[in-house]
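Summary of structural features
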Amino acid sequence: MTCQKSVAKTNRSPYAPPALVNVAVLAAIRHPLTYSLPESLEVRVGQRLLVPLGARRVFGIALGTAPPPPPGIQVREVLRVIDPEPLLSPELLTLGLWIAEYYLAPPGEVFRAMLPLRSETRKVRLAELTEAGRQKLEEMAGDLLEETRQSAEVSLFRYVNKHPGVTIESLRRKFDRLSPELVSRAIKDRLLVLSQAERLRGREKVYSVRLTGPLESATSHLSPVARRIVETLERLGEANDHRGLLKITRASFAHLEKLRQQGLVEFTDAAQVATQPGPRSEPPAMTALQAHATDVLTECVRRREFNVVLLHGITASGKTEVYLRVIERALESGRTALMLVPEIALTPAMHQQFLSRFGNTMAVLHSGLGANERHDAWWRLRRGEARVVLGTRSAVFAPLENLGVIIVDEEHESSYKQEETPRYHGRDVAIVRAQLAKALIVLGSATPSLESYANAQKGKYHLLTLGERVGGRPLASVEIVDMREEFRQTHTQVPISRRLREEVEAQLRSGKQTMFLLNRRGYSWFLLCRSCGQTERCVNCSISLTYHRHEKRLICHYCGYRAAVPSRCRACGSEYLYYVGEGTEKLEQKLAEMFPQAQVARLDRDAARRPGQYLKILSDFKEGKIDILVGTQLIAKGHDFPKVTLVGIVSADTSLALPDFRAAERTFQLLTQAAGRAGRGETPGRVLVQTFYPEHYAIRLAAGQDFARFFTKEMQFRRLMHYPPTAALANVIVQDKKLDEAARIAKEVGDFFEKIGDLARGIKILGPGPAPLARIEGLYRIQFLLKAASRARLNAVLRRLADECGQIGIPAHSLMIDMDPVSLM
């Protein structure tokens, strides 16, 4: 670990003024606070501290020595140092402060995001007998009646007397099953007294659970709960985390243990399974282009200099193998490696490849892990036990020393942008971290973001191209189906055209697999009354509710609000309700009806939410147990299914209707990525794109998989309208539960922009106006858009705005500043 600068020494003179330290408190405060250090404490930069804040005690990060405060300002003392050594290296500390400044986030909120650590202690309530309780125990234990001497109450009192410091939770678990409310009555009658204490947190063991059989003769004798566990394991396969299995089956660990004793299931320590390397296979032979890219990247690692390389490789060109080889070279040179993927759902497939190459020298970090798992993985990295990290956006903060290479796969994905404070972009933060570490960073994509490709064109990034598929396989042929013409000829609105249906029938006859992409989950888009035209809307957001048939609920995809499906219109009482549009649930149903001989499955966020279901569906599809897979964008990225020779894209132009300047770019990327799933085996692939807007350049050029022409065309629009990457952009949202208050604050913000004069020169300010989604989660939203030629000037204006709002008392939660937004919704 790199040595850290000491803030204060314990041997300072008793006559010297107390040492002062700047602390980034883990709260929504934009500037560090100054605290004094007691003589007994020595603090180093990067250590966690416990400090007073108002009436609370909060954690903070020591940033360095502070200057004396103005006269008359009283400085409070640091309460204690939490960790024996700094948790943040100078590199990560610098990175955090850069994020706070560039994205205008409170530094404490940034450091909170960088340290996904659970507390080492937990608060517990301890029980002990009162004097009255001891007297009661003595009386009852000496009673003449055996029934009294053997009662549950006596057992409770004896247990507490014999086990001083027992927790109230363990007492309830042990005695409430014997006599409900026994513990509560003892507390109410003042026979037991409770006290608060802190205990070291133990490591909760997590088990993988799988069936071992035989089940045929055993299931008839099982309890309903045990039968639910067995049926769930039969349906989902192995459960990687027993806690999720118990939750969905409404069971306890005792039920699992009983099944294990009966020989029906077996447990494996999930932590050992997670770090156990898979079978080591020989790395595949590389194409000439792969070998060239690997050699160039290896040389960049060897030079130990900061370098950004954009690896533009068409789908199935073998980018992953290049990544793995470069990581191997970095490890061989004594350095560490970090690989980012855009979605948690993509980590399991990539995890297996990494395990087979790197074994237990790797760790996985993402927000989907439990608190214990994240904590353990973070400390393995911090101690140097793991040297390779695979993770999503937040893994960019992994505590790796001597970083040699960072890889950002699918760098164009919008999920690298955090949509809550701190609103950082994982790709851009990774570039800054690589710069601080003097490391190589590789940005990989078949459809690079316009920002990255523009930087490569200007020479800021080095461009490497993989322009052919592995094995010389051709790109899938793409056919556009005009759904306007389909409607003219059939006079029906169906999700599947006649042409696509013919192709699927041919697929089934030949035993090949098909994928359908529809980037809308749920059953129907919304519920419409045909009498009065009203739709069922969310009570918190200005959006219609989506119908989910499986859950029999109308659900808001923004705030999670759920409502029962009405039998009549709530506005006019009419019974003529109509389900508009189709989502993945409805498409799955329609395909099952059209092709009853086929096995049809669905993969979207709803399906992936169930423990083990995501991996089981992917595994079954890869093994050929599923003929047709329906899904959202989850199936369009990073998967390799050699038996898929047809991809059908339903409603390809849905995203083009969104009021967002990136709509065409997102449409092009999604269609190109989805088309790339076809023809990855020996048989050439075909793609059918259904659209009501076949003339749009995003759809035409995606059909031709012509990124260069799309880049040229889209950049003309961006230059004309002054959108990134030709200009810097910021989105300022004023929000409040009351519309009048939101409007008042928006006026204050508008007045600020008018009075700053020369500082705003060269900045175009649009607004105020209602945001495209004018209300989300109960907050009314008013939007300002700022475009500037100078990113530094734009940042300076936004910092002044944040400071001004703080001075005039505008709450921090009422002003949302998003630098470099990826969505304007």
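Up top is the structure.
What counts, and at which threshold
- Residues numbered from 1 in each chain as written.
- Predicted model: local features only at pLDDT ≥ 70, side-chain atom pairs only at ≥ 80, totals over all residues.
- Heavy atoms only, no water.
- Salt bridge = Lys/Arg side-chain N within 4 Å of Asp/Glu carboxyl O.
- Helix = DSSP H or I, 4+ residues; strand = E, 2+ residues; numbered from the N terminus.
- Buried < 20%, exposed > 50% of the residue type's maximum accessible area, 1.4 Å probe, protein only.
- Pairing = 2+ DSSP bridges.
- Axes fitted to C-alpha atoms, helices over the stretch in contact; angles between N-to-C directions.
- Contact = heavy atoms within 4.5 Å.
- Core = buried A, V, L, I, M, F, W, Y, C linked by side-chain atoms within 4.5 Å.
- Phe/Tyr/Trp six-rings, centres within 6.5 Å; stacked < 30°, edge-to-face > 60°.
- Lys NZ or Arg CZ within 6 Å of the ring centre and 35° of its normal.
- Expected span 1.5 Å × (residues − 1).
- Arc of directions from axis to C-beta.
- Disulfide = S-S within 2.5 Å.
- Parallel < 35°, antiparallel > 145°, perpendicular 65-115°, else oblique.
- Left-handed = near helix turned anticlockwise from the far one by under 90°.
- Nonpolar A, V, L, I, M, F, W, Y, C, P; charged D, E, K, R; others polar.

Side note on the pattern of salt bridges
Going through the model one piece at a time under the given rule, you end up with 50 salt bridges. Note that R427 is salt-bridged to E411, the shortest N-O span being 3.2 Å. Placement of the pair is R427 in helix α16 (residues 426-437) and E411 in the loop between β15 (403-409) and α16, with a sequence separation of 16 residues. Comparing R427 with E411 shows no difference in burial state: the two are buried. Across the salt bridge formed by D640 and R680, the nearest N and O atoms sit 3.1 Å from each other. Of this pair, D640 sits in the loop between β26 (628-631) and β27 (644-649) while R680 sits in the loop between α23 (663-675) and β28 (686-691), and the two are 40 residues apart along the sequence.

Comments concerning the sheet that holds strand β14 (residues 388-391)
Within the open sheet, the 7 strands sit side by side as β13-β14-β12-β15-β16-β11-β17. Their pairing is parallel. Of all strands in the sheet, those bounded by a partner on one side alone are β13 (362-365) and β17 (462-466). In this sheet, adjacent strand axes meet at a mean angle of 15° when their direction is disregarded. Relative to strand β16 (residues 440-445), strand β11 (residues 307-313) runs parallel, the two sharing 6 bridges. Within β16, the residue paired with H312 across the bridge is S445. Docked against the sheet, helix α13 (residues 319-332) engages β11, β12 (336-340), β14, β15, β16 and β17, running at close to 165° with respect to β15.

Concerning the sheet that holds strand β32 (residues 815-819)
Strand order in the open sheet formed by 4 strands is β30-β31-β29-β32, with antiparallel pairing between adjacent strands. The sheet is open, and its two edges are formed by β30 (763-776) and β32, each paired on a single side. Taken pair by pair, the neighbouring strands of this sheet meet at an average axis angle of 20°, ignoring direction. Inspection of the sheet shows β30 paired to strand β31 (residues 779-788) by 8 bridges, in the antiparallel sense. When the bridges of β31 are listed, G769 appears paired with Q783. Its contacts with the sheet place helix α27 (residues 791-807) against β29 (728-736), β30, β31 and β32, and it is angled at close to 165° to β32.

Quick look at the nonpolar core
Counting residues in each nonpolar core, the largest one holds 122 residues, and the members touching the most others are L798 and L801. When near neighbours in sequence (up to four residues on either side) are disregarded, L798 contacts L104, A730, V732, L786, I817 and M819. Among the nonpolar cores identified, the runner-up in size contains 30 residues, and M362, V364, V388 and L466 belong to it.

Some remarks on the side chain of H366
Mapped onto the elements of the fold, H366 is located in the loop between β13 and α15 (371-382). The exposure class assigned to H366 is buried, which follows from its relative accessible area of 9%. Residues contacting H366, with those up to four places away along its chain left out, are I344, T347, R374, T392 and S394.

Digging into the pairing of β32
With 5 of 5 residues buried, β32 is to be regarded as a mostly interior element. Residues L815, I817 and M819 point to one face of β32 and M816 and D818 to the other, with burial holding for every one of them.

Digging into the packing of aromatic side chains
Throughout the structure, instances matching the rule amount to 20 aromatic pairs. Ring geometry for Y453 and F707: centres 4.8 Å apart, planes at 80°, overall edge-to-face. Remark: F707 occurs in helix α25 (residues 707-721) and Y453 occurs in helix α17 (residues 450-458); sequence separation between them is 254 residues. The exposure class assigned to F707 is buried, which follows from its relative accessible area of 6%. Three or more aromatic residues joined by ring pairs make a cluster, and in this case those are Y453, F668, Y697, F707, F710 and F711. The side chain of R48 reaches across the aromatic face of F59, ending 5.7 Å from its centre. The ring of W525 carries the charged tip of R520 above its face, separated from the ring centre by 4.3 Å.

Concerning α25
The end-to-end C-alpha distance of α25, which contains 15 residues, comes to 21 Å, matching closely the 21 Å that a straight helix rising 1.5 Å per residue would cover. Within α25 the residues assigned to the buried category are F707, F710, F711, E714, M715 and R718. Buried residues of α25 fall within an arc of 125° about the axis and therefore sit on the same side. Exposed side of α25, more than 90 degrees from the buried face: R709 and L720 are the residues found there. Lining the buried residues of α25 we find β11, α17, α23 and α24 (697-703). The first or second residue beyond α25 is H722, which carries a positive phi of 55°.

A few points about the state of the cysteines
Scanning the model with the defined rule gives 0 disulfides in all. Between C541, a cysteine without a disulfide, and C559, which holds the nearest cysteine sulfur, the sulfur-to-sulfur distance is 3.8 Å. The buried category is assigned to C541, whose relative accessible area is 3%.

Structural notes on the packing of helix α3 (residues 131-141) against helix α5 (residues 152-162)
Think of two packed helices as two axes; the pair is described by the angle between the axes and how far apart they sit. Running from N to C, α3 and α5 point in directions that differ by 125°, and their axes come no closer than 10 Å. Between α3 and α5, the angle falls in the class oblique. When you trace α3 past α5, the crossing you get is left-handed. Note on element contacts: α5 touches α3 through E153, V154, F157, R158 and N161, opposite G133, K136, L137, M140 and A141. Residue composition of the contact of α3 with α5, grouped by class: 5 nonpolar, 2 polar and 3 charged.

Remarks on unusual backbone geometry
The residue after T421, namely P422, is reached through a cis peptide bond having omega -5°. You can see P422 is positioned in the loop between β15 and α16. Of note, the amide linkage connecting G767 to P768 takes the cis form, showing an omega dihedral of 10°. Inspection of the secondary structure assignment puts P768 in strand β30. Even without a glycine there, the phi angle at R304 is positive, about 55°. Mapped onto the elements, R304 comes out in the loop between α12 (288-303) and β11. Of note, the phi angle at H491 is positive, near 55°, even though the residue is not glycine.

So, the environment of P86
By the element assignment, P86 lies in the loop between β5 (80-81) and α1 (90-102). Residue P86 is classed as buried on the basis of its relative accessible area, which comes to 3%. Along the primary structure P86 and K162 are separated by 76 residues, whereas in three dimensions their C-alpha atoms are 42 Å apart.

Remarks on helix α2 (residues 107-114)
Taking burial as the measure, the 8 residues of α2 include 6 buried ones, the bulk of the element. P107, G108, E109, V110, F111 and M114 are the residues of α2 that are buried. The elements touched by buried residues of α2 are β1 (20-25), β4 (56-65), α1 and α15.

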